[in-house]
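Listed here are the chains, written in short residue letters.
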Amino acid sequence: MVEKSRKKGMKVALVEFLNAVPLYYALKMRIIKNDFEFVSAVPSQCARLLFEKSVDISNVSVVEYVNSSDYAILSDGCIATNKRVKSVVMFLNKPINKIKRVKLDKNSKTSVALIKVLFRFKYNISVDYVYDGDADCELVIGDRALERLKSAQEGEVLDLAVEWYNFTNLPFVFAVWITNRMIDDEVKEKFYLSKDMGKRMINDICSEFSHLIDKKSCRDYLTKNLSYDLTEDKKEAIEVFFDYAYRCGAISNNRPLRFI
Ligand SMILES: C=C(O[C@@H]1C=C(C(=O)O)C=C[C@H]1O)C(=O)O
């Protein structure tokens, strides 16, 4: 049952990766006035906190949506790419047609489902998935991927969003804002405003992350690779992705998207 809105002190889980920061920077820095309580975590932990109702809302892996009928998606704000995302990559130790064992990233949920969709429907290869030990290729996402890319050799890296785009001609949505209770319009507006302000504060955000990535690359990453507006083509892309993911068992359920 969907619970009523909490009047004071909403609890909000935030993906701690650089790519998510423009969505919530203005809220977290209280540039937009709010009394929210924030907790930062990797995407898979955000999903758990939302499911357990330890938080009311989270920017979270889009595939988490199918796990509860209490969930609704905010109509705007996402972590997506129109083609090349840069930070969701497969590091290959072998050519793709020789791969038998794929190591997944514990921090991720959406990209784990995406890699399964690609192996099943694009490459048509049956592989084993593991979280530990040796493998023929490894999925890495977020800041850890940006770090590892600094020393990666060309040819050993595949961008999963480019692979998806070449397969479907669609953008790809990694994360959205999902809530497990009713929320007031006034609260929703704060999240939408936060995205719009975040997009205008990229320079401040990049200054804070200069230990991870130089400012020019950071700006390119957040403005050219990533896309934060949940446009109609992206909503359609989520549906297409859920359909593939459900058909290959990468998600255990499928539900029509409910936006609020
Ligand atoms: C683009 C990215 O998207 C992330 C990937 C997610 C996932 O795979 O579940 C969830 C949230 C996003 O922040 C990334 O981490 O590089």
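Here is a short report on the structure shown in this document. Because the structure is predicted, anything quoted here is derived from the model rather than measured. (Residues numbered from 1 in each chain as written. Predicted model: local features only at pLDDT ≥ 70, side-chain atom pairs only at ≥ 80, totals over all residues. Heavy atoms only, no water.)

Section: the sheet that holds strand E10 (residues 172-179)
- Spatial ordering of the open sheet is given by E2-E1-E3-E10-E4, a layout of 5 strands whose pairing is mixed. Each edge of the open sheet is held by one strand with a lone partner, namely strand E2 (37-41) and strand E4 (72-81). Averaged over all pairs of adjacent strands, the angle between their axes in this sheet comes to 25°, without regard to strand direction.
- When strand E1 (residues 11-15) meets E2, the two strands line up parallel, connected through 5 bridges. Across the sheet, Ala13 pairs through a bridge with Val39, a residue of E2. (Pairing = 2+ DSSP bridges. Helix = DSSP H or I, 4+ residues; strand = E, 2+ residues; numbered from the N terminus. Axes fitted to C-alpha atoms, helices over the stretch in contact; angles between N-to-C directions.)

Digging into the sheet that holds strand E7 (residues 128-130)
- What the 5 strands build is an open sheet, ordered E7-E6-E8-E5-E9; its pairing is mixed. The open sheet has two edge strands, E7 and strand E9 (157-159), and neither has a second partner. In this sheet, neighbouring strand axes are inclined to one another by 25° on average, regardless of whether the strands run parallel or antiparallel.
- Bridging between strand E6 (residues 101-103) and E7 involves 3 bridges; their strand directions are parallel. The residue of E7 that forms the bridge with Arg101 is Asp128.
- Together, strand E5 (88-92), strand E8 (137-141) and E9 form the strand contacts of helix H4 (residues 142-149), whose direction differs from that of E8 by roughly 120°. (Contact = heavy atoms within 4.5 Å.)

What to know about the state of the cysteines
- In this structure the tally under the stated criterion is 1 disulfide.
- One disulfide in the model links Cys206 with Cys218; its S-S distance is 2.4 Å. Between Cys206 and Cys218, the S-S torsion sits near -85°, and that sign places the bridge as left-handed. You can see Cys206 sitting in helix H7 (residues 202-208) and its partner Cys218 sitting in helix H8 (residues 215-225), a full 12 residues away along the chain. Summarising the burial analysis for this pair, Cys206 and Cys218 share the class buried. (Disulfide = S-S within 2.5 Å. Buried < 20%, exposed > 50% of the residue type's maximum accessible area, 1.4 Å probe, protein only.)

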